[in-house]
Amino acid sequence: MPALPLDEAGKYVAGAYVVFVALILVYVAIIGAKIARIDREIGELAGEDDE
Amino acid sequence: MYSKGLVPLAWATAVTLTAAFALVFFYAPLDADQGFVQKIFYVHVPMAIVALGGFVAGGVMAIKHLRSGDRSWDMRSYVAIHISIILGFGVLATGAIWAKASWGHWWVWDEPVLVSFLVVVLLYCVYYPLRFSIEDPDRQARYSSVFAIAAGAFVPLNFIAVRLAEAYTHPRVLSQTGGDLPGDMRLTFLVALLGMTLLFVTLWKLELTAKNASMQLKKLRNRARVAA
């Protein structure tokens, strides 16, 4: 196939890079939420200990 | 213990990936054959190499687990495989986008590079049901390690088979003669590969930190329950 014109190729290139960035952001968000939950639970546990 | 050096590593990853993407769009020349679409190569191929490397690393860590009996190596192996599978799905998605732009089809079943990578990812998808169907933690770690070693050994074999059988539709990147990439494209590719490797290590350490904290919390809860 001949090379796609820039305007059409741009959509595919943007799509590929968006997939990569989205994948990493979603993963980091999930792990970040997990760490925040653990942090909160440790705080609760420390609070129970103080009582 | 896994969080040591995580922040500078994350910064190094961010800087290297930003530099790589800047090189991709402002430095690397357009490919004479594929034009602008070839820019997908700089995210797709490093991601594939790092994912495959992560599978092999998971196998090596599994060997360390079986040799030492230390379950922390099993956890490291599990996290390496987990991140490699996530990157693997990224490779399949970006590969499909590249295939559509280059060949007019989202998937080409007679292309050995695509199909063999799919086989590897599907093979590793079996790892989760295998691991989580075993309740006893020691047996779980042992069986998972055996799988990780066997599957990790399959990855380079699969790669060699593809190199022998490839239809030359994918550009050769790294070969004994130094590859087909001109210097500026090669530099861009190597920076992207370095960025992707740093990203893998950062995510691996991040997930291990979360898992370690989760285990510590469980221990604290048990201790609090016993004390009460």
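Preceding block: the structure.
Values in this document were obtained by computation on a predicted structure and should not be read as measured data.

Conventions used here
Residues numbered from 1 in each chain as written. Chains lettered and ligands numbered in written order. Predicted model: local features only at pLDDT ≥ 70, side-chain atom pairs only at ≥ 80, totals over all residues. Helix = DSSP H or I, 4+ residues; strand = E, 2+ residues; numbered from the N terminus. Buried ≥ 20, exposed ≤ 12 C-beta atoms within 10 Å, placed from the backbone. Contact = placed C-beta atoms within 7 Å. Axes fitted to C-alpha atoms, helices over the stretch in contact; angles between N-to-C directions. Parallel < 35°, antiparallel > 145°, perpendicular 65-115°, else oblique. Left-handed = near helix turned anticlockwise from the far one by under 90°. Nonpolar A, V, L, I, M, F, W, Y, C, P; charged D, E, K, R; others polar. Core = buried A, V, L, I, M, F, W, Y, C linked by C-beta atoms within 7 Å. Expected span 1.5 Å × (residues − 1).

Focus on the overall build of chain B
Then comes step 1: The number of helices and strands found in chain B is seven helices and zero strands.
Then comes step 2: Secondary structure of chain B in N-to-C order comes out as α-α-α-α-α-α-α.
Then comes step 3: The principal-axis extent of the C-alpha atoms belonging to chain B is close to 70 × 35 × 30 Å.
Then comes step 4: Each of the 228 residues in chain B was classed as buried or not, and the buried ones make up 40%.
Then comes step 5: Nonlocal contacts in chain B, meaning residues at least 24 apart in sequence, comprise 76% of its contacts between residues at least 6 apart.

A short note on the overall build of chain A
Then comes step 1: Of the regular secondary structure elements, chain A holds one helix and zero strands.
Then comes step 2: Scored against the burial criterion, the 51 residues of chain A give a buried share of 14%.

A closer look at the interface of chain B and chain A
Then comes step 1: Facing 31 residues of chain B, the contacting portion of chain A comprises 23 residues.
Then comes step 2: Counting residues per element, the ones that place at least two in the side of chain B that touches chain A are α2 (41-68), α3 (71-103) and α7 (183-227) of chain B.

Focus: the packing of α2 of chain B against α7 of chain B
Residues and elements named next belong to chain B.
Then comes step 1: At a closest axis distance of 9 Å, the pairing of α2 and α7 adopts a crossing angle of 45°. Between α2 and α7, the angle is such that the two are oblique. By crossing handedness, the relation of α2 to α7 is classed as right-handed. Residue-level inspection shows Tyr42, Val43, Pro46, Met47, Ile49, Val50 and Gly54 of α2 in contact with α7, the latter providing Thr188, Phe189, Ala192, Leu193, Met196, Thr197 and Phe200.
Then comes step 2: Here the residues of the contact of α2 with α7 sort into 11 nonpolar, three polar and no charged.

Focus on the nonpolar core
Then comes step 1: Core analysis: the biggest nonpolar cluster contains 67 residues, and Ala16 of chain A together with Ile40, Met47 and Ala192 of chain B have the highest contact counts within it.
Then comes step 2: Of all the secondary-structure elements, those providing two or more residues to this core are α1 (6-50) of chain A together with α1 (6-26), α2, α3, α4 (112-125), α6 (137-165) and α7 of chain B.
Then comes step 3: Counting residues per element, this core draws most heavily on α7 of chain B, which supplies 15 residues.
Then comes step 4: Non-local contacts of Ile40 of chain B, meaning those with residues more than four positions away in its chain, are made with Tyr12, Val13 and Ala16 of chain A together with Thr94, Ile97 and Trp98 of chain B.

Observations regarding the packing of α3 of chain B against α7 of chain B
Two packed helices can be described by the angle between their axes and the distance between those axes.
Residues and elements named next belong to chain B.
Then comes step 1: Closest axis-to-axis distance for the α3/α7 pair is 10 Å, and the angle between their directions is 130°. By the angle class used here, α3 and α7 are oblique. The crossing of α3 and α7 is right-handed. Facing Met75, Arg76, Val79, Ala80, His82 and Ile83 of α3, the residues of α7 in contact are Phe200, Leu203, Trp204, Glu207, Leu208 and Lys211.

Examining α3 of chain B
Residue and element names in this part refer to chain B.
Then comes step 1: Here α3 contains 33 residues, and its C-alpha end-to-end distance of 46 Å stays within 8% of the 48 Å for a straight helix at 1.5 Å per residue.
Then comes step 2: Counting buried residues in α3 gives 24 out of 33 residues, a clear majority hidden from the surface.
Then comes step 3: Among the residues trailing α3, Gly104 stands out with phi positive, at a value near 85°.

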